[in-house]
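Per-entry structural report
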Amino acid sequence: MQLSAVDLSPVPENGTATDAYANTVESARQAEALGYTRFWVAEHHGMGNRLAGTTPEVLLGHLAAETETIRLGSGAVLLNHYSPFKVAELFGALDGLAPGRIDAGLGRANGSPAADRALETPRHIQNPDRDHAEKIEAVVNHLYGTYPEGHAYADLEVPRSGDDPPVPWVLGSSPSSAEIAGKLGLRYCFAAFIRPQFATHSFERYRETFTASSLPGGLEEPQGMVAVNALCAETDQKAARRRAVAEATFQRLQRGEVGSRPTVEEAIDELGGVPEPTPERLDDEAWPRAISGSPETLSGLLEQLADRVGVDEVMIQHAVGEHEHGLRSHELLADAVGLTPR
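The paragraphs below set out a description of the structure included in this document. Everything numeric in this text was worked out from a predicted model, so none of it was measured. Sequence positions are assigned chain by chain, starting from 1 and proceeding in written order. Selection of residues for local features in this predicted model requires a pLDDT of at least 70, selection of side-chain atom pairs for listing and counting requires 80 or more, and totals for whole chains, interfaces and linings are taken over all residues. The side-chain numbers reported here are obtained from all heavy atoms of the structure, hydrogens and water having been left aside.

**Points about the overall build of the chain**
Applied cut-off: Here a strand is any run of E in DSSP of at least two residues, a helix any run of H or I of at least four, and the numbering for each starts at the N terminus. Exposure is judged per residue with a 1.4 Å probe applied to protein chains only, and the accessible area is read against the type maximum: over 50% gives exposed, under 20% gives buried, and values in between give partly exposed. Contact between two residues is taken to exist if any of their heavy atoms lie within 4.5 Å; hydrogens are not considered. For accessible areas, the Shrake-Rupley method is used with a probe of radius 1.4 Å. Any residue's cover is judged against the shown protein chains and nothing else. This count recognises Lys and Arg as positive and Asp and Glu as negative, with His and chain-terminal groups excluded. Each charge is placed at NZ for Lys, CZ for Arg, CG for Asp and CD for Glu.
A tally of helices and strands in the chain yields eleven helices and ten strands. Taking the principal axes of the C-alpha coordinates as reference, the chain spans close to 65 × 45 × 40 Å. Counting across all 342 residues of the chain, residues that qualify as buried make up 54%. When contacts within the chain are restricted to residue pairs at least 6 apart in sequence, those whose partners lie at least 24 apart make up 71%. Put simply, the chain shows about 15,300 Å² of open surface, and 47% of that area lies on carbon and sulfur atoms. In the chain, 29 side chains carry a positive charge and 50 a negative one; their mean positions are 3 Å apart.

**Notes on the nonpolar core**
Put simply, the test is: Working definition of a nonpolar core: buried Ala, Val, Leu, Ile, Met, Phe, Trp, Tyr and Cys residues. They are joined through side-chain atoms within 4.5 Å.
Judged by nonpolar contacts, the single largest core of 68 residues is most densely connected at Tyr36, Phe39, Leu63, Phe91, Val226 and Leu302. By size, the runner-up hydrophobic cluster in this structure holds ten residues, among which are Ala76, Trp169, Leu171 and Ala227.

**Thoughts on unusual backbone geometry**
The linkage connecting Gly75 with the following residue, Ala76, adopts the cis geometry, with an omega of 5°. Within the secondary structure, Ala76 sits in the loop between strand E3 (71-74) and strand E4 (77-78). Of note in this structure, Asn14 is not a glycine but carries a positive phi near 65°. Its location among the elements puts Asn14 in the loop between strand E1 (2-7) and helix H1 (17-34).

Structural data, given as structure tokens:
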């Protein structure tokens, strides 16, 4: 199994964005040393002052200088806020900074109404799926310079390195995003920590609609990755205790408390106790929003979920009360699945 990581740059208790970015850099360096395949950073807007991951294009430029070999990418750049040409330019710049190791993760999401107004993002589009697919296709054509002669954008060039250009990925959490990725013939990453109930159907839809791509950077065969909220600790019980933060954070989101994250003790108090450990074997239809366990338990769970959707790479996302818990989780899991340290 290949492992990758996505980081949201949470602001630590009594900390600032500076502290959050320092933690993200430390996580990226650790992931590289442990043998993780790629390290992505997220984009969120209107989440209060608790998530500093608002501008992946800026943070990735810094991470490019702080790492040497690991693939870096966006999880995701939210295309509904930007023009495809500008997005292509930013990925071209990142490729110039880290030649041959940039992933162009392309997604969409609305923030709060106020954030979308501030970003001047239209919230109502007549055919959102078609609009999104057209924007993804435009990013790829701009980035690779493949608009045909006579096209209005044929003379536009995006500066980048001379090595392998950024690799496009379609990111989503629904069957509609899977269909877009399939029809474009691009790589697909499903965010199971958002809508786990759609994971299996989305990958089925991806493969059903997959068409060998004529786009540069496209595929002849489907290639997918599943992103899972997963936390590893020395024992199942210790991991379940730390998973309480993810469970309570989700409940807060459901209540409209945006961007807040409790400590472990606060989370346990809000939940009314420590969550039950994730069972070593999931029921066939079960796909929890967050899972946890000892190295042996969690590696087995990830293998079950990866096999269920037919992928061999899992991206780890987690909500933790303390940065050190996240680092320890990545370390234990890397050893459990047999990653080769760099």
